[in-house]
Amino acid sequence: MAKKKYYVVWKGKETGVFTSWNACKKQIDGFEGAQYKSFIDENEAELAFTKQFSDYRGKNTKKPILSAAEKSKFGLPILESISVDAACSGNPGKMEYRGVLTHSKKEIFRKGPFKKGTNNIGEFLALVHGIALLKSKNMKNLPIYSDSKIAMGWIHKKRCNTKITFNTENKELLALIKRAEKWLQENSFKNPILKWETKAWGEIPADFGRK
């Protein structure tokens, strides 16, 4: 069952907090410059309505907010590690990926943008890039964080299980995928690949900040 959402309309035919998309849609359809956003928590939605739309522009409001006790169950991230992430405008669309030092957010590699890619492909390539980089520097025990379960699964299978179509526009990306898969098949590594717990720790340090 889908989780219930709450819709804040700051600027529309009527403003307020609405409990269904249809009710929200009636307020914004045909209204020039409408300002609205969805939330998964009613209290957060009510609080947001007392603030400005600009306070929430670009922020992800669809993830649950945990209590201090719930957050404590996840512990703290290992700061002596690297974190990777990808960003994609469209699906498929222009995709890029990067890796940073978790503790300082200092960028250590960045690739792209590549045409006709997906976020999952970028997450996969970022992990392989990070693993290969650490292996080349003989840093075999340093953990790597990713917030993508899909990409982590592809690493385990040593295969980028994407279903997108490749053509002349994204042949460079296909070549990168094939090279990454070949590297995984021919190399071993001991670096722990860990899930970044976004709901407890916030956005992964390698995040591009475009949500």
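See the structure shown above.
On a predicted model such as this, the values are computed, not experimentally measured, just so you know.

Cut-off values and rules
Residues numbered from 1 in each chain as written. Predicted model: local features only at pLDDT ≥ 70, side-chain atom pairs only at ≥ 80, totals over all residues. Heavy atoms only, no water. Pairing = 2+ DSSP bridges. Helix = DSSP H or I, 4+ residues; strand = E, 2+ residues; numbered from the N terminus. Phe/Tyr/Trp six-rings, centres within 6.5 Å; stacked < 30°, edge-to-face > 60°. Lys NZ or Arg CZ within 6 Å of the ring centre and 35° of its normal. Axes fitted to C-alpha atoms, helices over the stretch in contact; angles between N-to-C directions. Parallel < 35°, antiparallel > 145°, perpendicular 65-115°, else oblique. Left-handed = near helix turned anticlockwise from the far one by under 90°. Contact = heavy atoms within 4.5 Å. Nonpolar A, V, L, I, M, F, W, Y, C, P; charged D, E, K, R; others polar. Buried < 20%, exposed > 50% of the residue type's maximum accessible area, 1.4 Å probe, protein only. Arc of directions from axis to C-beta.

**Student:** Could you give me a rundown of the pairing of strand 4 (residues 82–90), with the residues and numbers involved?
**Tutor:** Along any regular strand the residues' side chains alternate between the sheet's two faces. Here nine bridges tie strand 4 to strand 5 (residues 93–101), and the two strands are oriented antiparallel to one another. Looking at strand 5, one finds that I82 is bridged to L101. The antiparallel pairing of strand 4 with strand 5 creates a hairpin that spans two residues between the two strands. For strand 4 and strand 7 (residues 144–146), the ladder comprises two bridges, and the chain directions are parallel. Within strand 7, the position partnered with I82 by the bridge is I144.

**Student:** Let's hear about the packing of aromatic side chains: which residues, and what values?
**Tutor:** All told, the structure shown has 10 aromatic pairs when counted by the stated rule. Cluster of aromatic residues (ring-pair linked, three or more members): W10, F39, F53 and Y56. The lysine or arginine in question, R98, covers the ring of F208, its NZ or CZ lying 5.2 Å from the ring centre.

**Student:** With reference to specific residues and values, describe the packing of helix 4 (residues 119–136) against helix 5 (residues 149–157).
**Tutor:** Contact geometry for helix 4 and helix 5: axes closest at 8 Å, N-to-C directions at 55°. The orientation of helix 4 with respect to helix 5, classified from their angle, is oblique. For the pair helix 4 and helix 5, the crossing hand works out as right-handed. Of the residues in helix 5, those touching helix 4 at N120, I121, E123, F124, L127, V128 and I131 are I150, A151, M152, W154 and I155. Grouping the amino acids of the contact of helix 4 with helix 5 by side-chain chemistry returns 10 nonpolar, one polar and one charged.

**Student:** Can you tell me about helix 1 (residues 21–28), naming the residues and giving the values?
**Tutor:** Two residues of an α-helix separated by three or four positions point the same way, owing to the 3.6 residues in each turn. What helix 1 keeps buried is the set C24, Q27 and I28. Summarising the axial view, the buried residues of helix 1 lie within an arc of 90°, below the 170-degree limit, and thus occupy one face. Residues N22 and K26 are exposed on helix 1 and point more than 90 degrees away from its buried face. Where helix 1 is buried, its residues touch strand 1 (6–11), strand 2 (16–18) and strand 3 (35–39).

**Student:** Could you give an account of unusual backbone geometry, with specific residues and numbers?
**Tutor:** Residue G112 is joined to P113 through a cis peptide bond whose omega torsion reads 5°. In this structure, K116 is a non-glycine residue whose phi angle is positive, near 55°. Topologically, K116 is positioned in strand 6 (residues 107–117). Phi is positive for N138, which is not a glycine, with a value near 55°. By secondary structure assignment, the location of N138 is in the loop between helix 4 and strand 7.

**Student:** Which residues make up the packing of helix 4 against helix 6 (residues 171–186), and what values do they have?
**Tutor:** Here helix 4 crosses helix 6 at 45°, and the two axes come no closer than 10 Å. Classified by the angle between their axes, helix 4 and helix 6 sit oblique to one another. In the crossing of helix 4 with helix 6, the sense of the turn from one axis to the other is left-handed. Within the contact between the two elements, helix 4 uses I121, F124, L125, V128, I131, A132 and K135 and helix 6 uses L173, L176, I177, A180, E181, W183 and L184. Tallied by class, the residues present in the contact of helix 4 with helix 6 amount to 12 nonpolar, no polar and two charged.

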